[in-house]
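# Structure assessment
Letter by letter, the chains look like this.
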Amino acid sequence: MSKNTPITVAYGDGIGPEIMEATLNIITAAGAKLDIETIEIGEQVYLRGNSAGIEPGAWDSLRRTKVFLKAPITTPQGGGYKSLNVTTRKTLGLYANIRPCVSYYPYVSTKHPVMDVVIVRENEEDLYAGIEHRQTDQVYQCLKLISRPGSEKIVRYAFDYAVANNRKKVTCFVKDNIMKLTDGLFHKVFDEIAAEYPEIENEVWIVDIGAAKMANTPESFDVIVMENLYGDILSDVAAMITGSVGLAGSANIGENFAMFEAIHGSAPRRAGQNLANPSGLLLGAVMMLNHIGQNEIAAKVHNAWLKTLEDGIHTYDIFKETVSKEKVGTKEFAKAVIERLGQNPVTLKTVEYNKSEKKVTEKKKTVKHIKPNKELVGIDVFLDWSNGTADDLGEMLKKINTDRLILSSISNRGEIVWPNGHPETFCTDHWRCRYLLENKGEVLNRSQVIELLNRINDAGFDFIKTEHLYNFDGVAGYSHAIV
Ligand code: NAD
């Protein structure tokens, strides 16, 4: 007899307690071997004055079990409450968000009868670092951070997932025609890692047309790996076009921790009425069972659930007179799944989980990477200025050149406006002034930068930030403005 696996469970808010009870009843009836620790998260914790929505003691349980099955929570209205999902992801290092999006035609109506796409979303980086600044009266910025180790981890996860789950292709969505450095890195890492998996087909799409294609012909995709923002948006699109967001589960995976949930929220208006569909959380629990190595139980639950759908036993959200046979509540739906444990679907595809998905989270070596030689070659000085035209600013700043650092260009929102700008270009109060070393091949030191900043300051300009311009092994590590 194998040992029980400890897990942490949170019943959440709204419909959370009902769908969690249904889910746990089904998986324990199927023989899941679990030691359950329950923690309280969500609305009541927030309203007690804890801005994170989770008590310190709850973290102790998560540190012990490392596996979290979480029902949706309600975030109270008003400011000051931190997103519990973001906190959990960042605290536990849950770098991968996995969302299988499958259509169940003809039992759930959908425009896409053939759809079985898994979105693998990077969960920690990109614009979600939360580094935002208001820099001038008119301009705000949000920093997009993409790292090599972060990209390697998520791309490798996508390929390992494909291998472990018998998937044939991994697609990458990027926007590297515009973000040549950040998305360019993600694309490059994808190509490097794809080469290690010759048995898996790979392809790269620019995210805009890729997204359009996914929404139109999802059957042409298998696993899709994306940075955080694209993945956030497109995993909702993918779940929605299967026919119902209420049916999708999701896994958040880290090196040491994992969290499983439904993708929908706490639907407070449906709470306490035995109405909610527990399927999203149940499929999250199926992913959890696979993660902890209880693959046979996972398959047993999943197949019984497919058979229940096929038999037309549907909760109100997917009930359709034409295909459904019986409209049931949460409890009756769970009972119907339990009655079908051991059965397989007839029309829908039977799932098999005989391989351990555990290998997906095994630590792998990162791609061999030699640290490049980094040289400081210039500086971008950003000014808050609104006293004239680009040409006026250029004339004034030219006089401030040091004997090493020379003003080479001024841009506004990325467009070159000096020298030789177009008078039609709309300019805000946010100017990027690029200073480069006069003699190429020299290397700049920081005291020369400080000398320049002192001169700019003495001339009465409000410099709001600077960015150092580095070459890495002689290749520019900064973008060139649009001319
Ligand atoms: P929601 O997903 O809770 O509900 C939207 C609508 O979808 C509901 O009105 C309901 O008709 C339907 N629905 C959702 N899940 C269902 C289910 N299992 N069965 C049947 N019908 C279902 O989205 P919302 O109304 O925007 O958000 C409600 C609360 O949930 C908010 O406080 C929000 O912050 C929170 N939320 C939590 C999570 C989470 O904990 N992971 C995720 C999203 C939203």
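In the block above lies the structure referred to throughout.
Described in the following lines is the structure provided in the data block. In this text, all values refer to a predicted model and were calculated from it rather than measured experimentally.

All right, on to the overall build of the chain then. Counting secondary structure elements, the chain contains 13 helices and 20 strands. Split into buried and exposed, the 483 residues of the chain put 53% on the buried side. Put simply, the chain shows about 22,600 Å² of open surface, and 52% of that area lies on carbon and sulfur atoms. Across the chain, 55 positive and 62 negative side-chain charges occur, with their mean positions spaced 4 Å apart.

This next bit is on unusual backbone geometry. Geometrically, the link from Tyr105 to Pro106 is a cis peptide bond, its omega value of 0 degrees lying close to zero. On the secondary structure map, Pro106 appears in the loop between β4 (96–102) and β5 (116–122). That bond from Trp418 to Pro419 is cis: its omega, -5 degrees, falls within 30 degrees of zero. Even without a glycine there, the phi angle at Lys66 is positive, about 65 degrees. Along the chain, the position of Lys66 falls in the loop between α3 (56–65) and β3 (67–70).

Let us look at the pattern of salt bridges. Should their charged atoms come close, side chains of opposite charge can pair. For the structure shown, the criterion picks out 29 salt bridges. Here Arg64 and Glu37 are joined by a salt bridge, their closest N and O atoms 2.9 Å apart. Of the two residues, Arg64 sits in helix α3 while Glu37 sits in strand β2 (residues 34–39), which places them 27 residues apart along the sequence. Take Glu37: its relative accessible area is 23%, and that puts it in the partly exposed class. The partner of Lys335 in a salt bridge is Glu339, with the nearest N and O atoms 3.4 Å apart.

Next up on the list: the sheet that holds strand β16 (residues 405–412). Spatially, β17-β16-β18-β15-β19-β20 is the arrangement adopted by the six strands of the open sheet, whose pairing is antiparallel. For this open sheet the edge positions go to β17 (415–418) and β20 (475–476), each flanked by a neighbour on one side alone. Bridging between β16 and strand β18 (residues 430–437) involves seven bridges; their strand directions are antiparallel. Of the residues in β18, the one forming a bridge with Ile406 is Leu436.

Tallying each qualifying case throughout the model produces zero disulfides. In this model Cys172 remains outside any disulfide bridge; the closest cysteine sulfur is found in Cys101, 17 Å from its own. In this structure Cys427 is not part of a disulfide, and its nearest cysteine sulfur, from Cys433, lies 11 Å away. Given a relative accessible area of 26%, Cys427 falls into the partly exposed group.

Conventions adopted
- Numbers given to residues run from 1 along each chain, matching the order in which its sequence is written.
- At least 70 in pLDDT is required for a residue's local features to be given in this predicted model, at least 80 for side-chain atom pairs to be given and counted, and no such filter applies to totals for whole chains, interfaces and linings, which use all residues.
- The side-chain numbers reported here are obtained from all heavy atoms of the structure, hydrogens and water having been left aside.
- Counting from the N terminus, the helices are DSSP H or I runs at least four residues long and the strands are E runs at least two residues long.
- Exposure categories follow from relative accessible area, calculated using a 1.4 Å probe and restricted to protein chains: below 20% of the type maximum is buried, above 50% is exposed, and the middle band is partly exposed.
- Surface accessibility in these figures is a Shrake-Rupley result with a 1.4 Å probe; residues are shielded only by whichever protein chains are displayed.
- In summary, the charge assignment counts Lys and Arg as positive and Asp and Glu as negative, without counting His or the chain termini.
- Charge positions are represented by NZ for Lys, CZ for Arg, CG for Asp and CD for Glu.
- Each reported salt bridge corresponds to a side-chain nitrogen of Lys or Arg within 4 Å of a carboxyl oxygen of Asp or Glu.
- At least two DSSP bridges between two strands are needed for those strands to be called paired.
- The rule for a disulfide is simple: a pair of cysteine sulfur atoms within 2.5 Å.

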